[in-house]
Structure formats: C-alpha cells, structure tokens
Amino acid sequence: MHDYRIRTATPDDLGEARAVMLDAVYRDFGTGYVPRWHADIIDPERFCLVPPRHTLLVAVDERDGTVATTAALDARGPEHPPNPRWIAERFPSGETAQLRRVYVRPEHRRRGLAGRLVAEPAVFARADGGYRSLYLHTYASSPGAEALWRSLGKLVLDKRTEPD
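Residues numbered from 1 in each chain as written. Predicted model: local features only at pLDDT ≥ 70, side-chain atom pairs only at ≥ 80, totals over all residues. Heavy atoms only, no water.

**Some words on the side chain of H38**
Quick note on the threshold: Strands are runs of DSSP state E lasting at least 2 residues, helices are runs of H or I lasting at least 4, and numbering of each runs from the N terminus. Exposure categories follow from relative accessible area, calculated using a 1.4 Å probe and restricted to protein chains: below 20% of the type maximum is buried, above 50% is exposed, and the middle band is partly exposed. Here, residues are in contact when the closest pair of their heavy atoms is within 4.5 Å.
Looking at the element boundaries, H38 is found in helix α2 (residues 35-42). The class of H38 is buried, set by a relative accessible area of 2%. When residues no more than four places from it in sequence are discounted, the contact partners of H38 are V25, T31, G32, Y33 and R101.

**With respect to the nonpolar core**
Selection rule: In these notes, a set of buried Ala, Val, Leu, Ile, Met, Phe, Trp, Tyr and Cys residues joined through side-chain atoms within 4.5 Å is what counts as a nonpolar core.
Formed by 17 residues in total, the largest nonpolar core has its most connected members in A17, M21, V25, C48, L56, V58 and Y103. Of all the secondary structure elements, the ones that give two or more residues to this core are α1 (14-27), α3 (44-49), β2 (55-61) and β3 (67-74). The dominant element in this core, judged by the number of residues it contributes, is α1, at six residues. With near-sequence residues (within four places) excluded, Y103 lies in contact with V20, M21, A24, V25, F29, A68, T69 and T70.

**Section: the pairing of β3**
Put simply, the test is: Here the rule is simple: two strands pair whenever DSSP picks up at least two bridges between them.
Burial of β3 is extensive: eight of the eight residues sit out of reach of the surface. Across six bridges, the pairing between β2 and β3 is antiparallel. Of the residues in β3, the one forming a bridge with T55 is L73. Counting the residues in the hairpin turn of β2 and β3 gives five residues, including G65, whose phi is positive at 75°. Where β3 meets strand β4 (residues 96-104), five bridges bridge the pair, whose relative direction is antiparallel. For T69, the partnering residue across the bridge sits in β4 and is V104.

As structure tokens, this is what we get:
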C-alpha cells in the first residue's frame, strides 16, 4: 500500500517532476519533446512556480520520496492556433485557469491520484478569485485520461466531434 502526500512543488522537486512530464509526452503521447508545446516542461520554475497565478503540484510517494504525479495550473487559456478560434474565445487567457500536465507514472496509476490531484488546483483557482472557468486540454490516447475527465467535468468539448 502506497501513501502519497500532495503538495505544492518546490525547486527541489523540479527534476523529478520534469522527468514525469517528459516520460508522458514520449511514452503516452508519442510526440516527444516539442519546444513550442512543452517549454513549461523544460522550465517549470519559470512557467509554474514564479507567476503568482500559477502553481505546480506533485504527489510524492511517502515510501521513497519520489514524485509520482504532477498537475499544473496557469492563467494561459488555449491559443488559436492550434486550437479552434471558438475555443480560444470561449476560454480567454487571464479569466481561464488552464489545468496542465496532469501526469501519473505508470506504476502509480489506478490509485486515484489524478482525481485527488485535480481537486487541489481547482481550490487554488477559486482562491485566486479572478478565474471564471477551468479548462483542460488532454489527449484521448493518454491512458485513463478521457474517462477521468469525463467523470469530473461539467462540460466536455470534444475537438474530435466539434467543427474548427
């Protein structure tokens, strides 16, 4: 049985958090590192820890202190392109808390970590007071992601079925 502690990431966590995120983009998405999409993965301090309306959370395995899961939240709404214009207009930067980088190492999956970790950024966004909505972009091919988001979401917009 694993016990996990969910907390705000510290600079000491960033190497392991970066590894969790890079593993996901290579293994789960098959894209590998793409600079225009993944700059926040390479420099999570600048994108996630420094800006006051952004945060990076980690779930740490209490047995060995390793980072098992990541979740980031920031004030950047989805951009057009690559997203459809109507998505960018519906979820504008500054008013939208975008949930990003919710990744779980394979050996820690199916333990409810992602669901637990998603609740914390939502609390952070509510406490900020300036966000009107919470937005998440995910890859349907990511193991377990679509089922998790559909179980948690009030509104799910599926780009695969919506017009550009």
